[in-house]
Amino acid sequence: MSIPQEDTFADVVSKAMRGQLQTDVMVAAAAGSSVEQVVALRTGHWDAAVGEKVAPVLGLHPGALQALAEGRSAPPALGISGLEGFSTHFDDMLVNSYLVWDSSTREAAAFDTGSDAGPMLDFLHSHGLTLKVILLTHTHGDHVFELDRLSEKTGAPAFVNQLEPLPGADSFETGRQWTLGGLRITSHLTCGHSRGGTTYVVHGLERSVAIVGDALFAGSMGGAKVSYEDALRTNREVIFSLPTEAVLCPGHGPLTSVGWEKQWNPFFA
């Protein structure tokens, strides 16, 4: 199914304000706008003139923010052989989980569980895949809700970054690697949204693939619940150092690519 972008322009503005501890009054003063205009922007009422003044104050790209507001920055549909995504409902949102597999050995790795592991389990069975490992991007409830079930049904061990330990998962140090046939999976710290947020880069498919969890969304990024500065820094150091054509698999919203985000993500354009 087609998955809409997770965040609106108002979400982006609000996340940037929260991350920088900026109030409506502070932003208005720096932007030369009224408080009422900033509040309107933050609550979903787009005004291009106001957005152009507010964006630089918050370190956002004005053109990318406007494109998001006008619905011009949704990434094109992407499909990669050996990669499958699953979107399941968790309260009022959709959360993503993913499988990658080696076409020769039929060995697979799962990334997060979503709120219902049923579709993933069905896919494993119907495609003759053997789940060898479960890799968690972070431990927020929507991403690990079905960990016990997925582990029990498949017998696959689960792993999580040692900075964010979780019962039922073995902890690892950033930099650990896993192999599945001809695939190599490397772990990289992309913290800020969570303390041990991890991006997994998969080498060996037709294009590099990065499962980024809530570190980055198409046209946005996850709320910086731990550190806004670390979220920006580690995303730049890890995700935006990947090849332009690398496919990014976020925890919410559609697939995207490094090149697309470099052009259209207001936080990084």
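Provided above is the structure to which this section pertains.
The shown structure was predicted, so the numbers you read here are calculated from the model rather than taken from an experiment.

Once that is clear, we can look at the layout of surface pockets. Within this model, the second largest pocket holds a volume of roughly 220 Å³. Every residue lining the second largest pocket is counted, 13 residues in all, and those nearest its centre are M93, H193, D214, K225 and H252. A breakdown of the residues in the lining of the second largest pocket according to their chemical character gives two nonpolar, five polar and six charged.

Another point: the pattern of salt bridges. With the rule as written, the count across this model stands at seven salt bridges. Here E237 makes a salt bridge to R233, at a shortest N to O gap of 3.2 Å. Here E237 and its partner R233 are both found in helix α9 (residues 228-238), four residues apart, which amounts to about one turn of the helix. The exposure class assigned to E237 is partly exposed, which follows from its relative accessible area of 48%. R233 sits in the partly exposed class, given a relative accessible area of 37%. A cluster of three or more residues bridged by salt bridges with shared partners is formed by D116, E146 and R149.

Turning our eyes to something else, we now look at the environment of A169. Its location among the elements puts A169 in the loop between β5 (158-161) and β6 (170-172). Under the relative-accessibility criterion, A169 is labelled buried at 12%. In sequence terms A169 and L135 are 34 residues apart; their C-alpha atoms lie 8.9 Å from each other. Excluding anything up to four places from it in sequence, A169 contacts L136, A158, F159 and V160.

Another point: the sheet that holds strand β8 (residues 183-189). Overall, mixed pairing links the six strands, which are arranged β7-β8-β9-β10-β11-β12 in an open sheet. Edge positions in the sheet fall to β7 (177-180) and β12 (256-257), since each has one partner strand and no second.

Turning to unusual backbone geometry, a few remarks are in order. One non-glycine residue, L21, adopts positive backbone phi at about 55 degrees. Along the chain, L21 turns up in the loop between α1 (9-19) and α2 (24-31). The class of L21 is exposed, set by a relative accessible area of 68%. Positive phi outside glycine occurs at D112, with the angle close to 65 degrees. Here D112 is to be found in the loop between β3 (107-111) and α6 (118-126). The buried category is assigned to D112, whose relative accessible area is 2%.

Thresholds, definitions, all that
- Residues numbered from 1 in each chain as written.
- Predicted model: local features only at pLDDT ≥ 70, side-chain atom pairs only at ≥ 80, totals over all residues.
- Heavy atoms only, no water.
- 1 Å grid on protein atoms, 1.4 Å probe; cavity = no way out; pocket = protein on both sides within 12 Å on 5 of 7 lines; lining within 4 Å.
- Points joined across faces, edges and corners; volume = space filled by probe spheres on them.
- Nonpolar A, V, L, I, M, F, W, Y, C, P; charged D, E, K, R; others polar.
- Salt bridge = Lys/Arg side-chain N within 4 Å of Asp/Glu carboxyl O.
- Helix = DSSP H or I, 4+ residues; strand = E, 2+ residues; numbered from the N terminus.
- Buried < 20%, exposed > 50% of the residue type's maximum accessible area, 1.4 Å probe, protein only.
- Contact = heavy atoms within 4.5 Å.
- Pairing = 2+ DSSP bridges.

Spatial relationships are all this shows, so hold off on functional conclusions.
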